[in-house]
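# Topology and contacts: notes
These are the residues of each chain, in order.
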Amino acid sequence: METSGYDIVVVGAGNAALCSAITASEMGKKVLVLEKAPENQRGGNSKFTRNFRIAHEKGWNGFTQEYSGDEFLSDIRKVTSGISSSEMTRYVVDNSGEAVNWASAHGTKWQKALRSTLHLDRTNLFILGGGKALLNTYFRYLGKFRNCRIVYDSELIKMNVENNTFQSLTASIQGHNVEIKGDAVILGSGGFESNLNILREAWGDATDNFIIRGTSQNTGVPLMEMIRHGAASVGEKNDGHMVGVDARSPKYEGGIVTRVDSVIFGIVVNKFAKRFFDEGYDIWPKRYAISGKLIARQPDQIAFSIFDSKSWGMFIPPLYPPIVENSIETLADRIGLNPDELRKTVTEYNAACPEAPGFDFSGLDGHGTGNIEPAKSNWARRIDTPPFYAYPLRPGLTFTYFGLKVDSQSRVTDVSGNPFNNIWAAGEIMAGNILNNGYLGGLGMTIGTLFGITAGKEASS
Ligand SMILES: Cc1cc2nc3c(=O)[nH]c(=O)nc-3n(C[C@H](O)[C@H](O)[C@H](O)COP(=O)(O)OP(=O)(O)OC[C@H]3O[C@@H](n4cnc5c(N)ncnc54)[C@H](O)[C@@H]3O)c2cc1C
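Residues numbered from 1 in each chain as written. Predicted model: local features only at pLDDT ≥ 70, side-chain atom pairs only at ≥ 80, totals over all residues. Heavy atoms only, no water.

### With respect to the overall build of the protein chain
Along the backbone of the protein chain there are ten helices and 19 strands. Projected onto its principal axes, the C-alpha positions of the protein chain cover 70 × 50 × 40 Å. Per-residue burial for the protein chain yields a buried fraction of 58% across its 461 residues. Charged side chains of the protein chain number 47 positive and 49 negative; the gap between the two group centres comes to 3 Å. (Helix = DSSP H or I, 4+ residues; strand = E, 2+ residues; numbered from the N terminus. Buried < 20%, exposed > 50% of the residue type's maximum accessible area, 1.4 Å probe, protein only. Lys, Arg positive; Asp, Glu negative; His and termini not counted. Charge placed at Lys NZ, Arg CZ, Asp CG, Glu CD.)

Structure representation (structure tokens):
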């Protein structure tokens, strides 16, 4: 393969990277895409996705209700205690519809949201066939450009940067180290969620019990290489989007089907059969980004979602079957908890649940517990109707927030605030500029698309 003469080298082949590669190819540039994964595992975390979050009016793309820009912005503010760049956040909200228009213009098709998902049908547009179908469409489209080459099994291992200018990169291509030169580079290589060594620095031995929900490829080498070259960072290394996933899931690549959605319907207990957080704090899309972190702080990073037959059928069941028993004590026995302790916890919780009926899953129902620690703010109803169900839970890391600081053109900036001359970043690697410590379901694809296009355009200009 040619090792020089490229206008743009794109690192990664997830959503953001492909949006950049397509944009640059459409602008007539000679593009090289380096994908670490083999071809049959291409596409990073993007291949596991299902939807985009967008502001819209009623009637747009089949939505039956409006989701205004102001509400979208206020949702972002709610999940992040601080927004690093309000200008960039406003840009994402105002242009979110454009991300969908661009994806549609490049062959993406959409579908109605499934019933009983995370209440996202008002705010998010669902991809027909999911992220994998979207990526396959983009890969096919890219295949039409004779000036664009995608090389698989190709891992960036070193960035060579001088005077804030990209010179070349070293990639391990099918096991051989190769130096590649280009006029500009766009990093679309995601976070470092698959790198257990870096995770261990932040989380210690708890890391051994983490499940990485997405790709095993996102080890953060391009990100850390840029930090080594003086790039400014956003977000914290010990923070990430973590949900409760089934403890029986594989270490990597379990994807969406291992997520356990039963949490808000009952209680969650640790290995001592004690509750440890407000399971009904908020509706799923805003809440679920942190439930995994709470489990990560429990002994042995194990927890159990417990509910009864009244809730079965109210959420999409995960891949693995629940553990089902006719009494709380036998259920405890099956999942390795002390039966007396679990009985005590359930009895106390039941006594704190309101007498009056009022459970309403269509929104925050204010149907909270009385005097109990921790309280459950919404959807509190007794666990009293057999059979009783349990799912074992582990922290499921979706992605990390730590990333590269970029300017509004998606150019990577250094610690003094100056942009690197020819280095751009798009997608999860820079999403922390907007979501530095929280997450809103569907925003990752919107951010990746918008800044992928921006980086592709700017690097080609
Ligand atoms: C199970 C799951 C479900 C999700 N659902 C949604 C959803 O419905 N909606 C939503 O908005 N977000 C969702 N997300 C988050 C979403 O996946 C990310 O926000 C988004 O995909 C990030 O896109 P990206 O292109 O930045 O990174 P990725 O898609 O992860 O792509 C990174 C690419 O870089 C490559 N790479 C990594 N390191 C190197 C290297 N050294 N050299 C070369 N290549 C490298 C990888 O192989 C990969 O191709 C989900 C995540 C998971 C795990």
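More follows now that the structure is in view.
### Details of the state of the cysteines
Under the definition given, this model contains zero disulfides. Unpaired in terms of disulfides, C148 finds its nearest cysteine sulfur in C19, a separation of 13 Å. (Disulfide = S-S within 2.5 Å.)

### Overview of the pattern of salt bridges
If you walk through the whole model with that rule in mind, you get 21 salt bridges. Between E39 and R42 there is a salt bridge, with the nearest N and O atoms lying 3.9 Å from each other. A salt bridge links R53 to D75; its shortest N-O distance comes to 3.9 Å. With R53 in strand β3 (residues 51-53) and D75 in helix α2 (residues 69-79), this pair connects stretches of sequence that are 22 residues apart. By the burial criterion, R53 is buried, and D75 matches it. Via salt bridges that share partners, D70, R90 and D94 belong to a single interconnected network. (Salt bridge = Lys/Arg side-chain N within 4 Å of Asp/Glu carboxyl O.)

### Regarding helix α5 (residues 196-203)
Residues I198, L199 and W203 constitute the buried set of α5. Down the axis, α5 shows its buried residues gathered within 120° of arc, on one side only. For α5, exposure combined with an orientation more than 90 degrees from the buried face picks out N197 and E201. G204 lies just past α5 and shows a positive phi near 65°. (Arc of directions from axis to C-beta.)

### Brief notes about the packing of helix α1 (residues 15-26) against helix α10 (residues 443-460)
Remark: α1 packs on α10, axes separated minimally by 7 Å, with the N-to-C direction vectors making an angle of 35°. In this structure, α1 crosses over α10, and the sense of that crossing is right-handed. Judged by residue contacts, N15, A16, C19, S20, T23 and A24 of α1 engage M445, G448, T449, G452, I453, A455, G456, K457 and S460 from α10. Considering only residue class, the contact of α1 with α10 consists of six nonpolar, eight polar and one charged. (Axes fitted to C-alpha atoms, helices over the stretch in contact; angles between N-to-C directions. Left-handed = near helix turned anticlockwise from the far one by under 90°. Contact = heavy atoms within 4.5 Å. Nonpolar A, V, L, I, M, F, W, Y, C, P; charged D, E, K, R; others polar.)

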